[in-house]
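So you can see what is in the structure, the chains are spelled out below.
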Amino acid sequence: MTFAPMPAELATERFVLTHEELDDAAWLAELFTARGGGTVTEADAQTRIAAMHELTSAHGIGAYVLRPRDGSPPVGYAAIVIGRGSVAEPELAYELLPDAHGRGYATEAATAVLEAAFATGRRRIWSTIRPWNAASLRVLEKLGGFDHVRTTSDERGEVLWFARDAPAG
Ligand SMILES: CC(C)(COP(=O)(O)OP(=O)(O)OC[C@H]1O[C@@H](n2cnc3c(N)ncnc32)[C@H](O)[C@@H]1OP(=O)(O)O)[C@@H](O)C(=O)NCCC(=O)NCCS
């Protein structure tokens, strides 16, 4: 099955969402480091950006940077990636710089990204979240339409799997 590529640009009330660029490496390194798994360098971030570009050229999905319309610096990304899913049933992901949390940004961006993902012809989008991640679970709840399908475990604990099916018609 083939799917249409997602658009190069999406628009929301407060953001223009475009793909990652190599210039995004500095703040992305900061964001990846904020996860707490060790320092991620700018060079590491560039490698991840290049991998995201390959995903976009191969399958038409990938990461969108939240670029504020007021010209201030990027605050994070929302993405459709393979993750724990597949090309046909990929995964929604979102991650913001710590200073940008709590203003509805993730929900706003993910709404647009999700709609664009279904517009490619895909019928199901996944989201996998650790049970302790209350903010991420709340974003999913606000997006609506995601059902808890199963729970799995790995070396870091439980993973909750949610799926949302494409709107009928
Ligand atoms: C998850 C994340 C992207 C949310 O971004 P955000 O822009 O703050 O999200 P929103 O503002 O759209 O919504 C967050 C909601 O979670 C709620 N929330 C935040 N922290 C919470 C907590 N500890 N307990 C319960 N609810 C919480 C907020 O109040 C808000 O809900 P509300 O609008 O009903 O008040 C952000 O916290 C983040 O980047 N976390 C680190 C990366 C991550 O975990 N990504 C997801 C991986 S699955």
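Residues numbered from 1 in each chain as written. Predicted model: local features only at pLDDT ≥ 70, side-chain atom pairs only at ≥ 80, totals over all residues. Heavy atoms only, no water.

**Some details on the nonpolar core**
For clarity, the threshold we go by: To form a nonpolar core, buried Ala, Val, Leu, Ile, Met, Phe, Trp, Tyr and Cys residues must be joined to one another through side-chain atoms within 4.5 Å. Three labels apply to residues, based on accessible area from a 1.4 Å probe with only protein chains included: buried if under 20% of the type maximum, exposed if over 50%, partly exposed otherwise in between. Helix numbers and strand numbers start at the N terminus; a helix is a DSSP run of H or I with at least 4 residues, a strand a run of E with at least 2. Here a residue-residue contact requires only that any non-hydrogen atoms of the pair lie within 4.5 Å.
Judged by nonpolar contacts, the single largest core of 50 residues is most densely connected at Leu17, Leu66, Leu92 and Val113. Among the elements that line this core, the one with the most residues is helix 3 (residues 105–119), at 10 residues. If near-sequence neighbours (up to four positions away) are discounted, Leu17 is found in contact with Ala8, Glu9, Leu10, Thr12, Tyr64, Val65, Leu66, Ala109, Ala112 and Val113.

**A few points about helix 2 (residues 42–59)**
The condition that has to hold: Take the residue count of a helix, subtract one, and multiply by 1.5 Å to get its expected span. Arc definition: directions from the helix axis to the C-beta atoms.
In this model, helix 2 (18 residues) spans 25 Å end to end at C-alpha, consistent with the 26 Å of a helix rising 1.5 Å per residue. Here helix 2 has its buried residues at Ala45, Ile49, Met52 and Leu55. For helix 2, the angular spread of the buried residues around the axis is 115 degrees, confining them to a single face. What points out from helix 2, more than 90 degrees from its buried face, is the exposed set Thr47, Glu54, Ser57 and Ala58. As for helix 2, its buried residues are in contact with helix 1 (25–33), strand 3 (62–68) and strand 4 (76–81). Phi turns positive one or two residues past the end of helix 2, at Gly60, with a value near 75 degrees.

**Some thoughts on the packing of aromatic side chains**
Heads up, the condition is: Side-chain rings of Phe, Tyr and Trp, where Trp is taken by its six-membered ring, are said to pair if the distance between their centres is within 6.5 Å; with planes under 30 degrees apart they count as stacked, over 60 as edge-to-face, and otherwise as tilted.
Taken as a whole, this structure holds 2 aromatic pairs when the rule is applied. A ring pair is formed by Phe15 and Tyr105, whose centres lie 4.9 Å apart and whose planes are at 90 degrees; its orientation type is edge-to-face. Pair noted here: Phe15 is in strand 2 (residues 15–19) and Tyr105 is in helix 3, with a separation of 90 residues, a long-range link. On the accessibility criterion, Phe15 (1% relative accessible area) is buried. Their ring planes at 85 degrees and their centres at 5.8 Å tell us that Trp126 and Trp161 sit as a pair that is edge-to-face. Of this pair, Trp126 sits in strand 6 (residues 124–129) while Trp161 sits in strand 8 (residues 157–165), and the two are 35 residues apart along the sequence.

**Points about the site of the ligand**
Spelled out, the test is: Being near a molecule or strand, for a residue, comes down to having at least one heavy atom within 4 Å of it. The term polar contact refers here to a pair of N or O atoms within 3.5 Å; inside protein, the definition further demands a hydrogen-donor-capable atom paired with an acceptor-capable atom, and it admits residues adjacent in sequence only when both atoms are side-chain atoms. Where accessible areas are quoted, they stem from the Shrake-Rupley method and a 1.4 Å probe; at the residue level, only the protein chains shown are allowed to cover. Each cavity reported here is a set of points on a 1 Å grid over the protein atoms alone in which a 1.4 Å probe fits but cannot get out, each pocket an open set with protein on both sides within 12 Å along at least five of seven lines, and each lining residue one with an atom within 4 Å of a point. To qualify as sitting in a cavity or pocket, a molecule needs more than half of its atoms within 2 Å of the grid points. Each residue receives one of three labels: charged for Asp, Glu, Lys and Arg, nonpolar for Ala, Val, Leu, Ile, Met, Phe, Trp, Tyr, Cys and Pro, and polar for the others, Gly being one of them.
Around the ligand, 18 residues are found, and the nearest of them are Gly102, Gly104, Thr107, Asn133 and Lys142. Backbone polar atom of Gly104 to an oxygen atom of the ligand: 2.7 Å apart, as the coordinates give it. Between an oxygen atom of the ligand and a side-chain N or O atom of Asn133, the distance comes to 2.7 Å. Protein coverage of the free-state accessible area of the ligand, which is 960 Å², stands at 63%. Assessed atom by atom at 2 Å from the grid points, the ligand resides in the largest pocket. Those elements that provide at least two residues to the shell around the ligand are strand 5 (91–96), helix 3 and helix 4 (134–143). Looking at which element gives the most residues to the shell around the ligand, the answer is helix 4, with 6 residues. In the shell around the ligand, the residues fall into 7 nonpolar, 7 polar and 4 charged.

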